[in-house]
Amino acid sequence: MQYFRVGMLYFQEPFSKELDYRISQLEPIKRADGQEIQILVEHIPIQEYGLNLPYQYDLVIDRASHYFKLGISILMMLAHRGIRVVNNPFSFHYFINRKDVGYHVAHQLGCNVPPTYVLPPCKTPFFKEDDFVHHQFFDWEEMIDKVGFPCFIKPANGRGARDVSKCSNRMELMEAYDKSGKEIMVLQSMVPSEVEWQVRCLCVGKSIEIAKYIFRDNDQSEYLDDEDFLPPDIEKNVIEQTQVICRSMGYEMNSVEFFIDSSGTPWAIDFNNPIPDGRLEALGPMWYERYQNQMVQLVVNAAMAPTTPDFIPDVNNYAQISRENISRKDRFKKALDLAKKYYDVED
């Protein structure tokens with residue numbers, strides 16, 4: 001019997017503790033060649049380490065490096081040694097703080113992103129007066145004309161709906177920007193929708209679960225136990241945009257959120273979530289169980305067909321597509337064809 005070793009990085013998150021337990025209870029699996037595999041799982045030890053990192057894993061699941069900075073170093077070293085890390089730390093720790101770049105990538109590849117502007121910080125305490133020689137006055141009139149009201153202004157590195165302001169007029173927009181301090185801000189149209197809910201896709205490996213979701217302030221958002229709520233054509237569009245977004249950013253674990261406008265067009269408004277919320281009280285029992293199953297299946301699939309991934313995710317091919325002098329529709333088709341090479345291959 002061979003062993004497939006899984007390392008996990010988490011702390012007190014109940015979702016990860018339960019995932020750890022479920023993986024530990026898996027029966028041996030058998031590969032197509034008849035080889036029997038026992039999956040072993042442990043939490044990555046937190047200790048001093050030398051440059052010959054002692055950890056020996058076939059797969060690592062990262063649920064904590066966004067707030068445990070030492071984890072970034074450990075995971076990058078493991079990725080350098082050819083260990084599959086979900087998510088790859090280079091994608092994770094670049095895009096998680098760069099929503100503005102994520103919007104650009106998705107838009108250039110033909111995904112539907114609402115009209116968006118990136119604003120320099122309002123406050124720049126380390127600049128002297130002469131440093132502003134290259135700064136231009138904002139064309140607020142043009143931005144307002146393109147974005148319209150109501151609109152949202154939010155930090156480019158924001159997570160968990162932090163410091164998101166909905167603005168209904170110019171005065172509210174000016175006040176929100178003035179309070180933004182040293183943050184790079186994103187100004188974005190609000191997608192007009194005839195329904196109160198949004199679409200949130202839970203993405204783990206090749207699995208995409210589509211949930212009906214209602215965002216509410218003060219951590220009161222809700223996943224609804226409603227399946228097959230999208231017409232087939234809209235569901236197909238949501239899945240395809242999600243596939244392009246996740247692959248072009250190198251994510252194997254993510255959540256992607258859409259608004260559906262009055263014409264039935266899905267608009268991607270939030271998709272830099274490399275550790276989707278796993279709290280039972282947020283997901284509800286049905287979606288919590290599905291999310292757990294997705295994660296366990298990712299581990300089983302990895303053990304059935306182990307791979308040696310690149311150190312840095314292969315996102316260059318998507319960048320090449322975005323540079324082609326063709327329509328955004330044709331770029332999307334080419335990017336989707338490329339993404340399908342990942343999603344359509346059976347494990």
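Anything mentioned here points back to the structure above.
Here the structure is a predicted model, which means the values were calculated and not measured.

A.B. asks: Now, about unusual backbone geometry: what can you tell me, with residues and values included?
C.D. replies: Cis geometry is found at the peptide bond from valine 86 to asparagine 87, where omega equals 0°. The residue asparagine 87 is located in the loop between β5 (84–86) and α3 (89–95) in this model. A cis amide bond links phenylalanine 149 with the next residue in sequence, proline 150, at an omega value of -5°. Along the polypeptide, proline 150 turns up in the loop between α5 (140–147) and β7 (151–155). Despite not being glycine, aspartate 228 has its phi angle at roughly 55°, a positive value. Inspection of the secondary structure assignment puts aspartate 228 in the loop between β12 (222–224) and α7 (232–248).

A.B. asks: Explain the state of the cysteines to me, and be specific about the residues and the numbers.
C.D. replies: All chains considered together, the criterion is met by zero disulfides. No disulfide involves cysteine 122; its nearest neighbouring cysteine sulfur is the one of cysteine 167, lying 13 Å away. Judged by relative accessible area, which is 24%, cysteine 122 ranks as partly exposed.

A.B. asks: How would you summarise a nonpolar patch on the surface if you had to cite specific residues and measurements?
C.D. replies: A contiguous nonpolar patch, built from Met1, Tyr3 and Leu40 and spanning about 300 Å² of accessible area, is present on the exposed surface. Taking the relative accessible area as the measure of exposure, tyrosine 3 reaches 44% and is therefore partly exposed.

A.B. asks: Requested: an account of the environment of leucine 280, with residues and values cited.
C.D. replies: Tracing the chain through its elements places leucine 280 in helix α8 (residues 280–304). The spacing of leucine 280 and phenylalanine 137 is 143 residues in sequence and 47 Å in space, taken between C-alpha atoms. The contacts of leucine 280, once residues within four sequence positions are left out, are Pro285 and Tyr288.

A.B. asks: Describe the pairing of strand β1 (residues 2–9), with residues and values.
C.D. replies: Here β1 runs beside strand β3 (residues 36–43); their pairing, made up of seven bridges, is parallel. From the neighbouring strand, valine 6 faces β3, where its bridge partner is valine 41. With four bridges joining them, β1 and strand β4 (residues 59–62) adopt parallel strand pairing. Within β4, the residue paired with leucine 9 across the bridge is aspartate 62.

A.B. asks: Could you give me a rundown of the packing of aromatic side chains, with the residues and numbers involved?
C.D. replies: Evaluation of the coordinates by the stated rule reveals 15 aromatic pairs. Here a set of aromatic residues connected by ring pairs shows up, and it is made of Phe11, Tyr67 and Phe68. A cation over an aromatic ring shows up here: arginine 247 above the ring of tyrosine 342, its NZ or CZ 3.9 Å from the ring centre. The ring of tryptophan 287 carries arginine 290 above its face, with NZ or CZ at 5.0 Å from the centroid.

A.B. asks: Mind laying out helix α6 (residues 170–178), listing which residues take part and the relevant values?
C.D. replies: Of the positions making up α6, those classed as buried are Leu173, Ala176 and Tyr177. The buried residues of α6 occupy an angular sector of 95° when the element is viewed end-on, so they sit on one face. Sitting at the amino-terminal end of α6 is asparagine 169, which places a side-chain oxygen 3.2 Å from the backbone nitrogen of methionine 171.

A.B. asks: Quick rundown of the sheet that holds β12? Include the residues and the values.
C.D. replies: If you trace the five strands from one edge of the open sheet to the other, you get β12-β11-β10-β13-β14, paired in antiparallel fashion. Unpaired on one side and paired on the other, β12 and β14 (266–270) mark the two borders of the sheet. Between one strand axis and the next, the sheet turns through 40° on average, direction left out of account. Here strand β13 (residues 253–260) runs beside β14; their pairing, made up of four bridges, is antiparallel. Paired with phenylalanine 259 across the strands is tryptophan 267, a residue of β14. Lying over the sheet, α7 contacts β10 (198–204), β11 (207–214), β13 and β14, oriented at roughly 140° with respect to β13.

A.B. asks: With reference to specific residues and values, describe the environment of leucine 78.
C.D. replies: Tracing the sequence through the fold places leucine 78 in helix α2 (residues 69–80). As for leucine 78 and proline 89, which are separated by eleven residues in sequence, their C-alpha atoms are 9.6 Å apart. Those residues within four positions of leucine 78 in sequence are excluded, and the remaining contacts are Ile44, Leu53, Tyr55, Val60, Ile83 and Val85.

How each quantity is defined
Residues numbered from 1 in each chain as written. Predicted model: local features only at pLDDT ≥ 70, side-chain atom pairs only at ≥ 80, totals over all residues. Heavy atoms only, no water. Helix = DSSP H or I, 4+ residues; strand = E, 2+ residues; numbered from the N terminus. Disulfide = S-S within 2.5 Å. Buried < 20%, exposed > 50% of the residue type's maximum accessible area, 1.4 Å probe, protein only. Patch = residues over 30% accessible without salt bridge, like charges linked within 9 Å, V, L, I, M, F, W, Y side chains within 5 Å. Areas by Shrake-Rupley, 256 points an atom, 1.4 Å probe, with all protein chains shown as cover. Salt bridge = Lys/Arg side-chain N within 4 Å of Asp/Glu carboxyl O. Contact = heavy atoms within 4.5 Å. Pairing = 2+ DSSP bridges. Phe/Tyr/Trp six-rings, centres within 6.5 Å; stacked < 30°, edge-to-face > 60°. Lys NZ or Arg CZ within 6 Å of the ring centre and 35° of its normal. Arc of directions from axis to C-beta. Polar contact = N/O pair within 3.5 Å; in protein donor to acceptor, adjacent residues only side chain to side chain. Axes fitted to C-alpha atoms, helices over the stretch in contact; angles between N-to-C directions.

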